[in-house]
Amino acid sequence: MGSEVTLSQIASALNVSVMTVSRALNNSDKINAGTKELVLKKAEELGYIPNQIAKSLQTKKTYTIGVVIPEIQHVFFSAVISGIESVVYDNNYHLFLTNSSESFEREKDVIETLKSRRVDGLLISRSEDSDDEGYYKKLIDTGTQIVFFDRCVENIGASCICVNDYSSSFQATEHLINNGYKKIAHLAGPPNLNISSERLRGYKDALERNDLLFDDSLVVISGFKESGGYKAMNELMSNSAHLPEAIVAVNDPAAFGAIKFINESGYRIPDDIAIVGFSDDIRSELLPVPLTTVKQPAYEMGERAARKLISTIENKSESIENIYMSTELIIRASSGTARSI
């Protein structure tokens with residue numbers, strides 16, 4: 001019978017009302033568990049398929065969620081998506097996944113496309129060149145339910161799920177300092193993003209807390225990609241006076257690019273230059289010299305973001321909050337061993 005099966009047919013087969021069948025199929029608490037089980041069993045037996053269009057008209061919901069990520073190559077985002085998907089599936093929602101390719105114009109385009117599909121809410125991690133927070137504010141003010149993850153926009157009326165970028169970067173920098181490194185450079189992310197400014201702030205404060213002077217010539221913007229890390233390292237090392245003893249990279253891909261340039265230049269890691277990354281990309285432990293890095297709970301971040309958005313969709317009084325998840329510094333060979341100071 002397939003999709004032609006109606007609620008009336010299920011009700012007739014069980015000699016119950018259509019309202020009873022409807023309540024059972026919608027998991028209403030106004031019907032007892034025994035009747036609900038009978039209805040669900042009969043619906044499956046007859047091959048009933050819910051009419052999602054009719055359901056959305058009735059509830060004013062499409063049971064769909066849009067996800068906007070800045071790139072698909074970074075393993076971090078793959079893990080986040082897996083976490084999102086598990087929660088979305090368990091809550092009977094469906095997922096539309098889009099990629100902005102680190103372009104704000106493309107990000108706005110995919111968001112408008114998702115809105116045209118009447119998604120119930122959006123999970124967004126910003127593109128690296130997004131520079132108009134007013135755009136997100138307008139979305140929220142016009143009723144779009146948004147939860148940011150990883151790369152957030154704060155204080156505009158949307159929740160954010162991320163790690164404490166400041167303390168994580170502080171810990172990574174202080175680890176190098178405790179190993180005896182003094183001339184420590186930073187490959188920085190785009191300055192318009194909070195994730196970048198917080199990691200830079202953690203780096204600077206770790207230096208100052210340990211009585212090391214901050215030298216802005218040792219900070220080069222790399223962005224989040226391997227190619228940017230390669231170029232930034234080239235710029236940093238083009239002047240021998242800037243040759244650092246160690247590097248704190250804004251993320252692992254930038255660190256990978258820097259490592260490639262260091263190796264091509266004839267220097268050794270960590271003997272000549274130590275390096276620490278951020279995110280614990282799966283490739284980090286597979287390098288000839290495994291990379292010390294900050295491990296982020298990517299899968300769990302996806303789960304928390306999805307749960308927060310679904311709660312926001314289903315409960316208009318859901319609180320707006322910034323949720324900071326714990327990180328772990330994974331120490332490997334690239335950051336060297338303790339030097340004599």
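Above: the structure in question.
Residues numbered from 1 in each chain as written. Predicted model: local features only at pLDDT ≥ 70, side-chain atom pairs only at ≥ 80, totals over all residues. Heavy atoms only, no water.

K.L.:
Even after reading the chapter, I still don't get the pairing of strand S2 (residues 94-99), so can you show me in this structure?
P.N.:
For a regular strand, side chains alternate in direction, first toward one face of the sheet and then toward the other. Examined bridge by bridge, strand S1 (residues 64-69) and S2 share 6 bridges and lie parallel to one another. In the sheet register, Val67 faces S2, and the bridge partner there is Leu97. (Pairing = 2+ DSSP bridges. Helix = DSSP H or I, 4+ residues; strand = E, 2+ residues; numbered from the N terminus.)

K.L.:
Would you mind showing me how to read the packing of aromatic side chains here?
P.N.:
Within the structure shown, the criterion is met by 9 aromatic pairs. Consider the rings of Phe104 and Tyr135, whose centres lie 6.0 Å apart with planes at 90 degrees: the pair is edge-to-face. Taken together, the residues Phe104 in helix H6 (residues 104-116) and Tyr135 in helix H7 (residues 133-141) connect sequence positions 31 residues apart. Summarising the aromatic geometry, the rings of Tyr135 and Tyr136 are spaced 5.8 Å apart at their centres and angled 70 degrees between planes, so their arrangement reads as edge-to-face. Of the residues examined, Tyr136 reaches a relative accessible area of 0% and is grouped as buried. In textbook terms, an aromatic cluster arises when at least three aromatic residues are bridged by ring pairs, as seen for Phe104, Tyr135, Tyr136 and Phe148. (Phe/Tyr/Trp six-rings, centres within 6.5 Å; stacked < 30°, edge-to-face > 60°. Buried < 20%, exposed > 50% of the residue type's maximum accessible area, 1.4 Å probe, protein only.)

K.L.:
Would you explain the nonpolar core in this entry?
P.N.:
Proteins that are soluble and globular tend to have nonpolar side chains buried together. Among the nonpolar cores identified, the biggest contains 61 residues, and Ile65, Leu123, Phe149, Ile184 and Met233 are the most heavily contacted of them. Core analysis: the next-biggest nonpolar cluster, separate from the first, contains 20 residues, Tyr135, Ile140, Ile156 and Cys160 among them. (Core = buried A, V, L, I, M, F, W, Y, C linked by side-chain atoms within 4.5 Å.)

K.L.:
Which parts of the structure should I look at to understand the sheet that holds strand S5 (residues 159-163)?
P.N.:
Strand pairs in the sheet, formed through backbone hydrogen bonds, run parallel or antiparallel to each other. Spatially, 6 strands are ordered S2-S1-S3-S4-S5-S11 in an open sheet, and the strand pairing comes out parallel. With one partner strand each, in any of the chains shown, S2 and strand S11 (322-325) form the two edges of the open sheet. Across this sheet, the average inter-strand angle for adjacent strands is 15 degrees, counted without regard to direction. Sheet topology note: the S1/strand S3 (residues 121-124) ladder contains 4 bridges and is parallel. Bridge pairing in S3 links Val68 to Ile124. Sheet contacts for H6: S1, S2 and S3; angle to S1, the most-contacted strand, approximately 175 degrees. Set on the sheet, helix H12 (residues 298-314) makes contact with S1, S3, strand S4 (146-149), S5 and S11; between it and S5 the angle comes to about 170 degrees. (Axes fitted to C-alpha atoms, helices over the stretch in contact; angles between N-to-C directions. Contact = heavy atoms within 4.5 Å.)

K.L.:
What's the story with the side chain of Arg199 in this structure? I'm lost.
P.N.:
Within the secondary structure, Arg199 is located in helix H9 (residues 194-209). Apart from residues no more than four positions distant in its own chain, Arg199 is found in contact with Asp150, Asp165, Ser169, His186, Val250, Asn251, Phe278 and Gln296.

K.L.:
I tried to follow H6 on my own but got confused; where do I start?
P.N.:
For an α-helix the count is 3.6 residues per turn, leaving residues at separations of three or four pointing the same way. For H6, spanning 13 residues, the distance from its first C-alpha to its last is 18 Å, which sits close to the expected 18 Å at 1.5 Å a residue. Of the residues making up H6, those classed as buried are Phe104, Glu107, Val110, Ile111 and Leu114. For H6, the arc enclosing every buried residue in end-on projection is 120 degrees, short of the 170-degree limit, so these residues lie on one face. In this structure, H6 carries Glu105 and Ser116 as exposed residues pointing more than 90 degrees from its buried face. The elements touched by buried residues of H6 are S1, S2, S3 and H7. After H6 finishes, the residue Arg118 shows a positive phi value of roughly 60 degrees. (Expected span 1.5 Å × (residues − 1). Arc of directions from axis to C-beta.)

K.L.:
What exactly am I supposed to notice about the side chain of Gln296 here?
P.N.:
Mapped onto the secondary structure, Gln296 falls in the loop between strand S10 (292-295) and H12. Leave out the neighbours within four places in its chain, and Gln296 touches Phe76, Asp150, Val163, Arg199, Phe278, Ser279 and Thr327.

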